[in-house]
Amino acid sequence: MSRLGRRGTPAWVKVLIVLFALLVVAAAAAFFYARSLLGPAGGAAYTLEVKPGDTVGAIARQLEKRGIVKNARVLRLVMDRNGTAGSLKEGLYDLNGQMSAQQVAETLAGPARIPTVNVTIPEGRRIKDLPAIFEKAGFSAQGIRAALNDTALSPYASGKQKNLEGFVFPATYEFRPAEAPEDVVKEMVGRMSTEFTPANVAKAKALNLSVRDWVILASMVQAEAANDGEMPVIAGVFVNRLRDGIALGSDPTVAYGLGKDLPDLDRSAGDFTKDTPYSTYTRMGLPAGPINNPGQAALLSVINPKRTMQDGRDALYFLHAGGKIYVNHTYAEHLSDNARYR
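These numbers come from a predicted model, not from an experiment.

Colleague: What is the right way to read the overall build of the protein chain from this model?
Modeller: Across its full length, the protein chain carries 14 helices and six strands. The C-alpha atoms of the protein chain give 36 Å as radius of gyration, which overshoots the globular expectation for 342 residues (20 Å, by more than 25%). Overall size of the protein chain, expressed as C-alpha extent along the three principal axes, is 140 × 40 × 40 Å. Per-residue burial over the protein chain gives 40% buried out of 342 residues. Taking contacts inside the protein chain between residues at least 6 apart in sequence as the whole, the part at least 24 apart equals 59%. For the protein chain, the exposed area adds up to about 18,300 Å²; of that, 54% sits on carbon and sulfur atoms. Side chains of the protein chain give 40 positive and 33 negative charges; the mean places of these two sets differ by 14 Å.

Given below as structure tokens:
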């Protein structure tokens with residue numbers, strides 16, 4: 001037997017074997033630990049909002065804190081490896097703690113969901129009412145008010161009135177929360193302009209109405225009508241009275257001219273005899289401008305009016321009573337219905 005055999009394995013070899021085994025174990029542990037960091041962190045669903053100026057590092061730390069990823073540095077390494085670290089876009093990303101780091105990285109590299117807020121402008125609201133509606137939706141009332149007073153945004157209002165009354169289309173809109181007030185108002189004015197098709201403008205012209213006249217009359221119909229079904233009837237009365245040179249006699253125009261709401265009119269205080277550019281009692285023809293922002297039904301009723309009664313005579317008077325509308329040809333008939341139904 002050799003001397004090596006007699007002595008057995010040298011001590012230094014045993015040390016190397018132990019060290020090697022320890023390195024293998026450490027490497028395996030490191031491998032499995034690193035692999036575990038790529039797995040789901042177990043946090044709840046979370047919508048990440050990326051804003052201008054946000055960095056990948058800050059976003060990664062935020063997601064680690066929310067339990068979407070286990071380690072912010074690992075997420076950054078994955079995104080660097082995928083080449084997506086520079087593709088983070090402004091907007092919303094829907095994430096949850098059941099996603100792997102790779103899935104989170106892929107989601108962040110995809111399209112962002114743009115945040116929006118819905119704003120509803122009811123039919124017949126005045127310009128003065130709109131800033132408060134937008135303020136409730138998170139916009140600057142002052143900014144919206146300034147944009148609504150910029151008549152240059154509509155060729156039909158520019159140089160003719162003090163604001164965009166009548167030319168803001170009532171509807172429900174989706175806006176970005178940080179959208180500029182001017183862009184918000186431009187969109188609503190642009191929507192109104194889509195109603196002014198060549199065919200519709202031609203119908204208005206046939207009634208001797210310019211586009212602005214058409215909108216003014218539609219705003220009166222909007223204010224007078226109890227429902228959409230009444231609108232063509234009321235429009236027919238107004239169109240006939242304009243043709244015949246009869247004062248329109250519309251209460252809402254008086255209220256607008258005095259800066260009042262309709263229920264606040266006071267006949268005993270002389271409201272109906274006070275002269276303003278909007279009063280259709282003291283002045284002939286249309287008021288000086290629109291008195292609210294009419295909707296599509298009111299606009300269409302003016303260019304498609306119901307001008308005759310069932311007996312074929314022209315409709316020249318109307319009144320509301322008991323939830324119904326009564327239409328007459330003569331003032332005597334109108335007074336008779338007033339006495340009978342009111």
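Colleague: Honestly, the nonpolar core in this entry has me stumped. Any pointers?
Modeller: It is characteristic of soluble globular proteins that their nonpolar side chains tend to be buried jointly. Ranked by internal contacts, the top residues of the largest apolar core, which has 53 residues, are Phe134, Phe175 and Met188. With seven residues, helix α10 (residues 211–224) is the single largest residue contributor to this core. Contacts of Phe175, omitting those with residues within four sequence positions, involve Pro115, Thr116, Val117, Val119, Phe134, Phe139, Val184, Glu187 and Met188. Core analysis: the second largest hydrophobic core is formed by 21 residues, Leu48, Leu75, Leu95 and Ala105 among them.

Colleague: Help me understand helix α4 (residues 72–82) in this model?
Modeller: Two residues of an α-helix separated by three or four positions point the same way, owing to the 3.6 residues in each turn. Those residues of α4 not exposed but buried are Ala72, Val74, Leu75, Val78 and Met79. All buried residues of α4 project into a common sector of 165° when viewed along the axis, lining one side. Opposite its buried face, α4 presents the exposed residues Arg73, Leu77, Asp80 and Arg81, each directed more than 90 degrees away. Capping of α4 at its N-terminal end is provided by Asn71; its side-chain oxygen lies 2.9 Å from the backbone amide nitrogen of Arg73. Just beyond α4, the residue with positive phi is Gly83, at close to 75°.

Colleague: Any chance you could explain the packing of aromatic side chains here in plain terms?
Modeller: Each aromatic ring pair is summarised here by two numbers: the centre-to-centre distance and the angle between the ring planes. Under the criterion given, the structure shown has twelve aromatic pairs. Ring centres of Tyr156 and Phe196 lie 5.1 Å apart, and the angle between their planes is 80°; this geometry places the pair in the edge-to-face category. Linking Tyr156 in the loop between α7 (141–148) and β4 (172–175) with Phe196 in the loop between α8 (181–193) and α9 (198–206), this pair joins segments that are 40 residues apart in sequence. A residue is classified by how much of its surface remains accessible, and Tyr156, at 25% relative accessible area, is partly exposed. Classification of Phe196 by relative accessible area gives buried; the value is 10%. A cation sits over an aromatic face here: Arg191 above Phe169, 3.9 Å from the ring centre.

Colleague: Which parts of the structure should I look at to understand the layout of surface pockets?
Modeller: Unfilled space is identified by rolling a water-sized probe across the atoms. Its boundaries defined by the atoms lining it, the largest pocket holds a volume of some 600 Å³. The wall of the largest pocket is formed by 22 residues, among which Gly249, Asp251, Tyr281, Phe318 and His334 lie closest to the centre. Secondary structure elements with two or more residues in the lining of the largest pocket: α10, α11 (231–244), α12 (251–257), β5 (317–321) and α14 (331–341). In terms of residue class, the lining of the largest pocket is built from twelve nonpolar, five polar and five charged.

What counts and what doesn't
Residues numbered from 1 in each chain as written. Predicted model: local features only at pLDDT ≥ 70, side-chain atom pairs only at ≥ 80, totals over all residues. Heavy atoms only, no water. Helix = DSSP H or I, 4+ residues; strand = E, 2+ residues; numbered from the N terminus. Rg over C-alpha atoms; globule rule 2.2 N^0.38 Å. Buried < 20%, exposed > 50% of the residue type's maximum accessible area, 1.4 Å probe, protein only. Contact = heavy atoms within 4.5 Å. Areas by Shrake-Rupley, 256 points an atom, 1.4 Å probe, with all protein chains shown as cover. Lys, Arg positive; Asp, Glu negative; His and termini not counted. Charge placed at Lys NZ, Arg CZ, Asp CG, Glu CD. Core = buried A, V, L, I, M, F, W, Y, C linked by side-chain atoms within 4.5 Å. Arc of directions from axis to C-beta. Polar contact = N/O pair within 3.5 Å; in protein donor to acceptor, adjacent residues only side chain to side chain. Phe/Tyr/Trp six-rings, centres within 6.5 Å; stacked < 30°, edge-to-face > 60°. Lys NZ or Arg CZ within 6 Å of the ring centre and 35° of its normal. 1 Å grid on protein atoms, 1.4 Å probe; cavity = no way out; pocket = protein on both sides within 12 Å on 5 of 7 lines; lining within 4 Å. Points joined across faces, edges and corners; volume = space filled by probe spheres on them. Nonpolar A, V, L, I, M, F, W, Y, C, P; charged D, E, K, R; others polar.

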